[in-house]
Structure formats: structure tokens, C-alpha cells
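Structural features, examined
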Amino acid sequence: AEVFEEPTYQTELLSREAKAFITRQNADRPWFLYLAFGAPHYPMMAPQRYVDRFPASMDRDRRMHAAMISAIDDGVGEVVTTLRTKGLLNNTCIYFQSDNGATRESRADHAGRPYAGGSNAPFRGWKMGLFEGGIRVPALLSGPGIPAAKVIDQPGMSTSVLPTFAAMAGVPVPEGIDGRNAAPLWQTGASASDEPLFWSYKNQRAVRLGRWKLILNPPGFGQRMLDTLWLSDLESDPGEKRNWAGSNEGVVRDLSQRLTNWEKGLGIGKPFTMRS
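Overview of the overall build of the chain
The helix and strand inventory of the chain stands at seven helices and six strands. For the chain, the sequential pattern of α-helices and β-strands runs α-α-α-β-α-β-α-α-β-β-β-β-α. In terms of principal-axis extent, the alpha carbons of the chain reach across some 55 × 50 × 35 Å. A buried classification covers 34% of the 276 residues belonging to the chain. Per element, the accessible surface of the chain, about 16500 Å² overall, is 52% carbon and sulfur. Where the 32 positive side-chain charges of the chain centre and where its 29 negative ones centre are 2 Å apart.

As C-alpha cells, then:
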């Protein structure tokens, strides 16, 4: 059904439980809350009161997608209000991030078509792909000592959340974990590390170093990709419309070797293969 009319919508239930957890906390005792909303995710459904916030003239799937995000907005706002009411807001770090870009999967569409309810524009690609549309997501952070309305347009990864929070709390960063303390990005204006970032999904691999990102076996999302190597220049071409591999063979060799070394370091049992 298009509209979910059960008494408690999942997003609202999660918000309610999060608020109850915060209400039970003492101001002088540290605590951690991980709140993972399922929306916007298939099955795509939201109560009518959220759907009605958006014009009936909208595309059906786009309207439902917007309704689900609206419910998340309300839930996050209620959590922040609870923190403020408890006097905890100025002593709490809040981090918000999506897990991936919008999907193109037909199981998210009400009629089984390639889903168009979400958008990753201006970036190319979708969820389950290593183009920017699948992996570049916004992240928001607030807390003590973090300047308001500051925009940092540099690459990072969610693996940095733990070491960043540990550093902010003044406790040792656990050994043997990925990620780095990202606090200098807003504390001193430092630039992002020049260390490469890596991704792996099924038979796709990607590595980014500075402006360059190399994808092995780039996804076609229903269309055959003739290129098995795709080099993106994310400074001049963030939409990844052009494959720069042919004119930058040295960059391709360097990044390919970095990917090989990274995968060997992970001890992956099944070797990576390029599609034919």
C-alpha cells in the first residue's frame, strides 16, 4: 500500500525511544546513543500526515520519498529539543550522516520500474555503485567547540568518527582501527590528509587520492559499461562524465598499485577480477 496507517510508524518509534533514552540519562554521566533510521528505504511508506505536506501533483514516488525524509527531520528535531530541555545540548556531540546515495533499484518503485524517487544530482551513479552518486553523502556535526555554519568541502570517511570523538573526549584513540582524528579540519583549518581513500563493493573497487579517483569495473546500472577502468578528475569534472584514464596513464598505474597493495593488506581470500 502507498500509505502506512499502523499506529506507530518506524521512524516515529525510533525517535520516541531515543528521546526516552536521553530523558533517563544523568547530566554528570557520559553516554552514547546510536540512532539508525531505516528511512528513506524500501518499503517506501509514510503516514498520510507526512505525505500531505507535499503537493499531490508531485511524482508519486518522489512525494513518498520526501515524506519519509520529512519524518526523519521531525525526529531529529525532537531529539535535539529533548537534549536542550535536559540541559545537555551544549555538552553533547551530534553527528548525522546518510549511508549511501539514492537507489535506482526497482524494488523501491511502487510499480517495479527503476526507482526515481531520490536524486543524487549533480553526481553520477546510484547506491551500490562507486561513482560519486553512490558514495558521496553529506555529513553534519555539532557540539562544543565546533563553529556554527562552517562548511568543509573535503573528502572524509565515516571511519574517522570514532577517532575524532575519542580525541574530542580526551581519551586515547583505540589501536588497530581505520580513520583519523578529523577535528583539525575545523579547529585549525588543516587540509584533509593526503592518504588515499578506498572502497570495495562486490566486483567494484575504487581509490581516491586528491583530485583523482580510479574505479575498477564501474557500474552501468542496467547499461553495459565498455570501460573496465574509469579515472575521474573530481576537481574539474565532479559529475564524472568523462573518463580521464587514457590521457593519464601514470595516474592509473599509481592508483591501481595502491588498490592492489590495499587489498593484499586486507587479506581478502577471493582475488579481485576485472570483468571481461
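Examining the side chain of His65
Counting through the fold element by element, His65 comes out in helix H3 (residues 60-85). Taking the relative accessible area as the measure of exposure, His65 reaches 9% and is therefore buried.

Considering the pairing of strand E6 (residues 229-233)
Counting buried residues along E6, four of its five residues qualify, which places the element largely inside the surrounding structure. Pairing of strand E5 (residues 212-216) with E6, which is carried by five bridges, proceeds in the antiparallel orientation. Paired with Ile215 across the bridge in E6 is Trp230.

A closer look at the nonpolar core
Tyr9, Met44, Ala46, Met64 and Met68 are the most contacted members of the largest nonpolar core, which has 15 residues in total. When residues of this core are traced back to their parent elements, those giving at least two are helix H2 (48-51) and H3. When residues in this core are grouped by element, the largest group, five residues, is from H3. In this structure, Phe198, Leu231, Val252 and Leu255 belong to the second largest nonpolar core, which totals twelve residues.

What to know about the sheet that holds E6
Backbone-to-backbone hydrogen bonds pair the strands of a sheet. The strands run either parallel or antiparallel. Here four strands make up an open sheet; going across it, the order is E3-E4-E5-E6 and the pairing antiparallel. Strands with a single pairing partner mark the edges of an open sheet, and in this sheet they are strand E3 (197-201) and E6. With strand direction ignored, the average angle separating the axes of adjacent strands in the sheet is 15°. Sheet strands touched by helix H7 (residues 249-266): E3, strand E4 (204-209), E5 and E6. Its angle to E4, the strand with the most contacts, is close to 115°.

Describing a nonpolar patch on the surface
The grouping of Leu162, Val173 and Ile177 at the surface amounts to a nonpolar patch, some 220 Å² of accessible area in total. Along the chain, Leu162 turns up in helix H5 (residues 161-169). We classify Leu162 as partly exposed; its relative accessible area is 46%.

Some words on H5
Of all the positions in H5, only Pro163, Thr164 and Ala166 are classed as buried. Down the axis of H5, the buried set is contained in an arc of 165°. They therefore lie on one face. On its buried face, H5 sits against helix H6 (184-187). Downstream of H5 by one or two residues, Gly170 has phi in the positive range, about 75°.

What counts, and at which threshold
Residues numbered from 1 in each chain as written. Predicted model: local features only at pLDDT ≥ 70, side-chain atom pairs only at ≥ 80, totals over all residues. Heavy atoms only, no water. Helix = DSSP H or I, 4+ residues; strand = E, 2+ residues; numbered from the N terminus. Buried < 20%, exposed > 50% of the residue type's maximum accessible area, 1.4 Å probe, protein only. Areas by Shrake-Rupley, 256 points an atom, 1.4 Å probe, with all protein chains shown as cover. Lys, Arg positive; Asp, Glu negative; His and termini not counted. Charge placed at Lys NZ, Arg CZ, Asp CG, Glu CD. Pairing = 2+ DSSP bridges. Core = buried A, V, L, I, M, F, W, Y, C linked by side-chain atoms within 4.5 Å. Axes fitted to C-alpha atoms, helices over the stretch in contact; angles between N-to-C directions. Contact = heavy atoms within 4.5 Å. Patch = residues over 30% accessible without salt bridge, like charges linked within 9 Å, V, L, I, M, F, W, Y side chains within 5 Å. Salt bridge = Lys/Arg side-chain N within 4 Å of Asp/Glu carboxyl O. Arc of directions from axis to C-beta.

Bear in mind that shape data such as this cannot, by itself, settle questions of function.
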